[in-house]
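# Geometric and topological summary
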Amino acid sequence: MNHAALTAGFARGVRIAGTGSAVPDGILTNDDLARMVDTSDEWIQQRTGIKERRICDKPREGTLTLSRLAVQRALEDAGLDGSSLDLVIVASVTGEMACPSLACRIAGEIGATPAGAFDVVAACSGFVYAMNLADSLIRVGRANRIAIVGCDCMSSIIDYDDRSVSILFGDAAGSAILEADDDPTKGSIYQTMEADGSGWQALYIPRRENEIAPGDEENPIRLGCLRMNGREVYKFAVTRFQRAIKDGLEKSGLAPDEVGAYICHQSNARIIESAVEKLGLPSEKVFVNIDKFGNSSAGSVGLCLDQMRKSGRIDESKPTMLVAFGGGMTWASSVWRH
Ligand code: UT7
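So, here is what we can say about the structure in this document.

Definitions and cut-offs
Residues numbered from 1 in each chain as written. Predicted model: local features only at pLDDT ≥ 70, side-chain atom pairs only at ≥ 80, totals over all residues. Heavy atoms only, no water. Salt bridge = Lys/Arg side-chain N within 4 Å of Asp/Glu carboxyl O. Helix = DSSP H or I, 4+ residues; strand = E, 2+ residues; numbered from the N terminus. Axes fitted to C-alpha atoms, helices over the stretch in contact; angles between N-to-C directions. Parallel < 35°, antiparallel > 145°, perpendicular 65-115°, else oblique. Left-handed = near helix turned anticlockwise from the far one by under 90°. Contact = heavy atoms within 4.5 Å. Nonpolar A, V, L, I, M, F, W, Y, C, P; charged D, E, K, R; others polar. Phe/Tyr/Trp six-rings, centres within 6.5 Å; stacked < 30°, edge-to-face > 60°. Buried < 20%, exposed > 50% of the residue type's maximum accessible area, 1.4 Å probe, protein only. Polar contact = N/O pair within 3.5 Å; in protein donor to acceptor, adjacent residues only side chain to side chain. Expected span 1.5 Å × (residues − 1). 1 Å grid on protein atoms, 1.4 Å probe; cavity = no way out; pocket = protein on both sides within 12 Å on 5 of 7 lines; lining within 4 Å. Points joined across faces, edges and corners; volume = space filled by probe spheres on them.

Attention now goes to the pattern of salt bridges. In the structure shown here, the tally under the stated rule is 18 salt bridges. Between Glu109 and Arg68 there is a salt bridge, with its nearest N and O atoms 2.2 Å apart. Within this pair, whereas Glu109 is found in helix H5 (residues 102-109), its partner Arg68 is found in helix H4 (residues 63-78), the two being separated by 41 residues in sequence. Close ionic contact of Asp159 with Arg222 constitutes a salt bridge, the shortest N to O distance being 3.3 Å. Pair noted here: Asp159 is in the loop between strand S6 (145-153) and helix H7 (163-166) and Arg222 is in the loop between strand S9 (203-204) and strand S10 (227-228), with a separation of 63 residues, a long-range link. Overlapping salt bridges, with partners in common, bring together Arg15, Arg145, Glu179 and Asp181 in one network.

Below, the structure is given as structure tokens:
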């Protein structure tokens, strides 16, 4: 692999200065859900690998509080102050208000004024989209230090009478502080950000009657709640996820075991297991925490990154592969050299 060739044209690279994450204390177990809808611990574990998920205590906790905590922890980990940031990017589909953005409120609260601040909406791919964007802005010299946050408080958009979604999702936030490095071969040496909007109705949050997708009129959709065609998303995800990993390996000239860690969006343990099996990935390098946290949408990749870093599970002598897919439909990947 030629790292220099992949990053030719860039005068500088990017490093992860710190990471942080936050999850609520509240736990919703499969047995709790089985008391609410027609499901069982056995069914959920078999189909998804999930045992429990974290749920915000509303209105005390939510996307804003989790995001702020995650970024504060990332700054602390980096030994930095909010005022040293040039930009704050937050990825979420569960922001409290459309305006102001979550990023503006968080930047204001951590003293990052007058850093730029904006939100990214790419559902579960949001953290990887934000990371790729931040990497590019730093590489070209438009910013020196950027805080990225992926956070979703999915419990705020779940209809707990709908077992097709209630069993899957949880709440979490993950954050990273990215900063300029003199070595251009550090940071994202290969990345993708892609989407296919023609499949949007497989996963969406209708706010008004006229936003309900054709064919969904007969379903009991609660406005403002997540609507998911699980089977459609599953088919899309299995294919796209594997293609994204294969593409990342091929384009950066890596064999599966030349990657130090795989940080995958925690959508469903079966989707990750299928990629491990089909692509021959070393399973000990593929982190899975979905059993404890469920699918936390934009929160999941950042949460994994932080948990892996803090527990010494990232072999920094080798590149890390980050990969996610989600509503839109969107998908994104990054091969990150430390
Ligand atoms: O983060 C990105 C977004 N989301 C995803 O990645 C999710 C992708 N999809 C999935 O993970 C899976 O499709 C689910 C876990 C959501 C569902 O698993 P599945 O194996 O695709 O189930 P299914 O929808 O095909 O349903 C199979 C059976 C059906 O019964 P019949 O028709 O075979 O009698 C369902 O009615 O299981 C039934 N079922 C349930 N039973 C107990 C569906 N949901 C449940 C449930 N508990 N919660």
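A few words now on the packing of H4 against H5. Between H4 and H5, the least distance of the axes is 10 Å, while the angle of their chain directions is 50 degrees. If you check the angle between H4 and H5, you find them oblique. Between H4 and H5 lies a crossing whose hand is right-handed. Across from Thr63, Leu64, Ser67, Arg68 and Val71 in H4, the residues of H5 making contact are Leu102, Arg105, Ile106 and Glu109. Residue composition of the contact of H4 with H5, by class: four nonpolar, two polar and three charged.

Under the defined criterion, the tally for this structure stands at four aromatic pairs. When the centroid spacing of 5.1 Å and the interplanar angle of 80 degrees are considered together, the rings of Trp200 and Tyr204 count as edge-to-face. For Tyr204, a relative accessible area of 7% gives the class buried. Arranged with centres 6.5 Å apart and planes meeting at 70 degrees, the rings of Phe236 and Phe325 form a pair that is edge-to-face. A residue pair is termed long-range when its members are at least 10 positions apart, and Phe236 in helix H8 (residues 230-251) and Phe325 in strand S12 (residues 320-326) qualify at 89 residues. Among the residues examined, Phe236 registers a relative accessible area of 17% and is labelled buried.

Moving on to the side chain of Ser101. Mapped onto the fold, Ser101 is located in the loop between strand S4 (87-91) and H5. A relative accessible area of 15% means that Ser101 is categorised as buried. A polar contact of 3.0 Å, which involves the side chain of Ser101, links it to the backbone nitrogen of Cys104. Once residues lying within four places of it in the same chain are set aside, the contact partners of Ser101 are Ala117, Phe118 and Asp119.

Helical periodicity: at 3.6 residues per turn, an α-helix aligns residues three or four positions apart in one direction. Over its 14 residues, helix H6 (residues 126-139) runs 20 Å from end to end, which matches the ideal 20 Å to within 8%, given 1.5 Å per residue. Summarising burial for H6: eleven of the 14 residues are buried, a large majority. One or two residues past the end of H6 sits Gly141, with phi positive at roughly 85 degrees.

Moving on: the layout of surface pockets. Here the largest pocket is characterised by a volume of approximately 720 Å³. As for the largest pocket, its lining consists of 28 residues, of which Trp43, Ser164, Met228, Gly230 and Arg231 are closest to the centre. Those elements giving two or more residues to the lining of the largest pocket turn out to be helix H3 (41-48), H7, S10, H8, helix H9 (269-279) and S12. At five residues, H8 tops the list of elements feeding residues into the lining of the largest pocket.

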